[in-house]
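# Examining the three-dimensional arrangement
Read off the chains here:
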Amino acid sequence: NINISKIDNNDYNFSNEKETYTYIENLLSQCTRKDNKYTKTIKENLDNIMLNPWLAYPIFFIIMALIFQVTFSWIGQPLSDLLDSLLNDSLVPIIESLIQESSPWFQSLIIDGIIGGVGGILVLLPIILSLFACITILEDSGYMARVAFIMDKIMRKMGLSGKAFIPMIVGFGCSAPAIMSARTLESEKDRKITALISPLMTCGAKLPIYALFIKIFFKDNAAIITTSLYILGIVVAILIALILNKTIYKTELEPFVLELPEYRIPTLNALLKNAWNKSKGFLYKVVTVMFFMSVIIWAMSSFNFGGFTEDINTSFLSYLGKAMAPIFAPLGFNDWRISVALITGLGAKEVVVNTILILFGNNAAIGTVFTFITAYTFLVFCALYTPCIATLATMRKEYGNKMMFASLFYQFGLAWIVGFSFNFVGSLIAFGETGVSVGQFASFVIVIIFTVILLNYYSKNNKSNSAHCDCSSCKSKCSQGSK
């Protein structure tokens, strides 16, 4: 029956998070009493471990590493190898015997184009299903909400609310809905920064790239390599958010309020249903986008001005690849086919694998153009570079052309800089030489300068557009100004 109005709150600064919680604890201590017979629930006992300031982060990283071990070593990869064996050892010989009397270009279309492209990426479906099943377990059990809670302290150091980590988690599935889910954030600053960094998360479309290269180069260290790529995306996103918060966006932090759900054991039915719902988008792309792109890529790699050719180095696609190759050469990607794969990946990240499989033909050929350093550099670049067209379209719809172009160019420049750095340092440590010429290092400096100028330009535009608009004083004027 305490009179709350008698509590003195004049000594508390409610713009300060620590003072706010001190006030709340003081209020609760006067309004409640502790029952000595009270026993903690299972939820409270688990939260004492899962939300422990010292244990929460190691537990999170261990869980993520375990998920990738299940995906790439214990369940997903073995099933993928079995499906690959069935396709190449059983189905392909049958199809080859059926079309052996047809023209060479038709045989090449069916075997190299459609089966080599679509079939090569379809065998990765068990890996996708396994990973999404593991993520579904984390979501349905209530652990993902706790991940957002424990990340609040880190997010606040970046100048963002802990709620901003929720769209980032959504970004592990797909960047487009992650950008849309940023709408739920109260602060305009939080919404824009979160939209810009969410595509840096490893989405499901990047998994086929990881799976292919891990199978060829890092089979014995699959969990470590995959975990490092996921962590890389998070760390780079944190650094970019910190830079944006210190330069372009300087506003007050929003309070973070999150209801932690009860712990639950996911049912098998819900697990299979949710994992399938997440994975069917991948299958839809395989039978639509991948099929279409496979035929286009095959046609451009099999024809030149003289007609059908079996020499891929004289094809239409080789002209495009050789023109783009100097951009990627400083990263260690000297083969023009890699340049083509990265360009086609702007349409959809899965197409990177599609293109590589069609142009190289088999895994052994891929292994001849990469060292383990340049292979990992390639994965780093793919983890960070420009998001797909669907994500850019979502960015344009939600935030306009300037945000879309900023995302397009800054991520490409960022991925190029980080990829160059990995290749430079990795080659120096592993081989005792950088493998980088003076001209390539000059390109590195130019890309850094270009990226800084781009961010500075975006900063000035953002400030000029919002200079006449003060959300804290007049919401109506703010809405008019944003228009």
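Details of the structure are given in the entry above.
Report on the accompanying structure. Just so it is clear, the structure is predicted and the values come from calculations on it, not from any experiment.

### Re the overall build of the protein chain
Tallying secondary structure elements over the protein chain gives 23 helices and 2 strands in all. Burial analysis of the protein chain (483 residues in total) assigns 47% to the buried set. For the protein chain, the exposed surface amounts to about 24,300 Å²; the carbon and sulfur share of it is 64%.

### So, the nonpolar core
Formed by 116 residues in total, the largest nonpolar core has its most connected members in Ile197, Leu200 and Phe378. It is helix H13 (residues 222-247) that contributes the most residues to this core, 13 residues altogether. Among all residues touching Phe378, those that are not within four sequence positions of it are Ile209, Phe213, Phe333, Ile338, Leu342, Val352, Ile356 and Phe370. Formed by 6 residues, the second largest nonpolar core is a distinct cluster that contains Val92, Ile95, Ile111 and Ile115.

### Regarding the packing of aromatic side chains
With the rule as written, the count across this model stands at 27 aromatic pairs. Centroid distance Phe420 to Phe424: 6.0 Å. Interplanar angle 20°. Geometry classified as stacked. In this pair, Phe420 and Phe424 are both assigned in helix H21 (residues 401-431), 4 residues apart and thus about one turn of the helix distant. The class for Phe424 is partly exposed, based on a relative accessible area of 25%. Through successive ring pairs, a cluster of aromatic residues spans Phe213, Phe217, Phe218, Phe328, Phe333, Phe370, Tyr376, Phe378, Phe381, Tyr385, Phe412 and Phe422. A cation over a ring is seen here: Arg146 above Tyr263, with NZ or CZ 3.9 Å from the ring centre. If you follow Arg337 out to its NZ or CZ, it ends over the ring of Phe360, 4.0 Å from the centre.

### With respect to a nonpolar patch on the surface
Taken together, the side chains of Leu66, Trp74, Ile75, Leu79, Leu82, Leu83 and Leu86 make up a nonpolar region of the molecular surface, amounting to roughly 680 Å² of accessible area. The leading source of residues in the nonpolar patch is helix H4 (residues 76-98), at 4 residues. Given a relative accessible area of 32%, Leu83 falls into the partly exposed group.

### Some points on the environment of Thr202
Along the chain, Thr202 falls in the loop between helix H11 (188-197) and helix H12 (207-217). At 2.9 Å, the side chain of Thr202 and the side chain of Tyr210 are in polar contact.

### Section: the pattern of salt bridges
All told, the structure shown has 9 salt bridges when counted by the stated rule. Note that Lys43 and Asp47 form a salt bridge whose closest N and O atoms lie 3.5 Å from each other. Linking Lys43 with Asp47, this pair stays in helix H2 (residues 42-50), spanning 4 residues, or about one helical turn. Residue classification places Asp47 among the buried positions, given a relative accessible area of 10%. The salt bridge partner of Asp84 is Lys215, with a shortest N-O separation of 3.4 Å. Taken together, the residues Asp84 in helix H4 and Lys215 in helix H12 connect sequence positions 131 residues apart. By relative accessible area, which is 22% here, Asp84 ends up partly exposed. Three or more residues joined by partner-sharing salt bridges are found here, namely Asp81, Asp84, Lys215 and Lys219.

### Regarding the layout of surface pockets
In this structure, the second largest pocket spans a volume of roughly 690 Å³. The set of elements that each furnish at least two residues to the lining of the second largest pocket consists of helix H6 (125-141), helix H7 (143-150), helix H9 (165-170), helix H10 (175-181), helix H14 (268-302) and helix H20 (389-399). Here the lining of the second largest pocket gets 5 residues from one element, more than from any other, and that element is H14. Residue classes in the lining of the second largest pocket are distributed as 23 nonpolar, 8 polar and 6 charged.

### With respect to empty space enclosed by the protein
What the rule picks out here adds up to 4 cavities of 30 Å³ or more. There is about 80 Å³ of room inside the largest cavity. Contributions of two or more residues to the lining of the largest cavity are made by helix H3 (56-74), H6, H7 and H9. Partitioning the lining of the largest cavity into residue classes produces 12 nonpolar, no polar and no charged.

### Some points on the side chain of Thr374
Turning to its location among the elements, Thr374 is positioned in helix H19 (residues 372-384). The class for Thr374 is buried, based on a relative accessible area of 8%. Polar contacts involving the side chain of Thr374 include one to the main-chain amide nitrogen of Thr371, which spans 2.7 Å. Not counting residues up to four positions away in its chain, the partners in contact with Thr374 are Leu331, Gly332, Phe333 and Asn423.

### Structural notes on the side chain of Thr227
Of note, Thr227 is situated in helix H13. With relative accessibility at 12%, the residue Thr227 sits in the buried group. Leaving out residues up to four positions away in the same chain, Thr227 has contacts with Met64, Ala65 and Phe68.

### Examining the packing of H12 against H13
Following both chains from N to C, one finds H12 and H13 inclined at 145°, their axes separated by 11 Å at the closest point. In this structure, H12 meets H13 at a crossing whose hand is right-handed. Each of Leu207, Tyr210 and Ile214 in H12 lies in contact with H13, whose residues at this interface are Ala222, Ile225, Thr226, Leu229 and Tyr230. Here the contact of H12 with H13 is composed, by residue class, of 7 nonpolar, 1 polar and no charged.

### So, H14
Under the 1.5 Å per step criterion, the end-to-end length of H14 is 47 Å for 35 residues, consistent within 8% with the ideal 51 Å. Of all bends in H14, the biggest is about 40°, found at Val286. Listed as buried for H14 are Leu271, Ala275, Ser279, Phe282, Val286, Met290, Met293, Ser294, Ile297, Trp298, Ser301 and Ser302.

### Some remarks on the packing of helix H16 (residues 336-344) against helix H17 (residues 350-360)
Packing of H16 against H17 brings their axes to within 8 Å, and their N-to-C directions diverge by 150°. Relative to H17, H16 is oriented roughly antiparallel. Here the hand of the crossing between H16 and H17 comes out right-handed. Between H16 and H17, the contacting residues are Trp336, Arg337, Ile338, Val340, Ala341 and Thr344 on the first element and Val351, Val352, Thr355, Ile356, Leu359 and Phe360 on the second.

Cut-off values and rules
- All residue numbers refer to position in the chain's written sequence, counted from 1.
- Local features in this predicted model are restricted to residues of pLDDT 70 or higher, and side-chain atom pairs are both shown and tallied only at a pLDDT of 80 or more, whereas totals for entire chains, interfaces and linings draw on every residue.
- Excluding hydrogens and water, the side-chain figures rest on all heavy atoms present in the structure.
- Helix and strand definitions here come from DSSP, where helices need a minimum of 4 consecutive H or I residues and strands a minimum of 2 consecutive E residues; each element is numbered from the N-terminal end.
- Each residue is placed in one exposure class: buried if its accessible area under a 1.4 Å probe, protein chains only, is under 20% of its type's maximum, exposed if it is over 50%, and partly exposed if it falls in between.
- Calculation of accessible area relied on Shrake-Rupley with a 1.4 Å probe; when residues are assessed, cover is drawn exclusively from the protein chains displayed.
- Think of a nonpolar core as a cluster: buried Ala, Val, Leu, Ile, Met, Phe, Trp, Tyr and Cys residues, connected wherever their side-chain atoms sit within 4.5 Å.
- By definition in these notes, contact holds between two residues if any of their heavy atoms fall within 4.5 Å.
- Aromatic pairing here means that ring centres of Phe, Tyr or Trp (its six-membered ring) are within 6.5 Å. Orientation follows from the plane angle: under 30 degrees is stacked, over 60 is edge-to-face, and everything else is tilted.
- To sit over a ring, a charge needs its Lys NZ or Arg CZ within 6 Å of the ring centre and within 35 degrees of the ring normal.
- For patch detection, residues must exceed 30% relative accessible area and be free of salt bridges, and they are connected within 9 Å for like charges or within 5 Å for nonpolar side chains (Val, Leu, Ile, Met, Phe, Trp, Tyr).
- Salt bridge, as used here: a side-chain nitrogen of Lys or Arg that lies within 4 Å of a carboxyl oxygen of Asp or Glu.
- The term polar contact refers here to a pair of N or O atoms within 3.5 Å; inside protein, the definition further demands a hydrogen-donor-capable atom paired with an acceptor-capable atom, and it admits residues adjacent in sequence only when both atoms are side-chain atoms.
- Only protein atoms enter the 1 Å grid used here. Points where a 1.4 Å probe fits but cannot escape make up a cavity, open sets with protein on both sides within 12 Å along at least five of seven lines make up a pocket, and a residue lines them when an atom lies within 4 Å of a point.
- Grid points are joined across faces, edges and corners, and a volume is the space filled by probe spheres set on the points.
- Charged residues are taken to be Asp, Glu, Lys and Arg, nonpolar residues to be Ala, Val, Leu, Ile, Met, Phe, Trp, Tyr, Cys and Pro, and polar residues to be all remaining types, Gly included.
- A fitted line through C-alpha atoms serves as each axis, taken over the contacting stretch for helices, and the angle formed by two N-to-C directions is quoted from 0 to 180°.
- Handedness of a crossing is defined here by the sense of rotation of the near helix relative to the far one, left-handed for an anticlockwise turn of less than a right angle and right-handed for a clockwise turn.
- Multiplying 1.5 Å by the residue count of a helix minus one yields the expected span of that helix.
- Bending is quantified residue by residue as the angle between axes fitted to the seven-residue window ending at that residue and the seven-residue window starting at it.
- In this scheme, roughly parallel covers angles under 35 degrees and roughly antiparallel covers those over 145, while 65 to 115 is roughly perpendicular and the rest are oblique.

Everything listed here is a matter of coordinates, which is why it stays silent on function.
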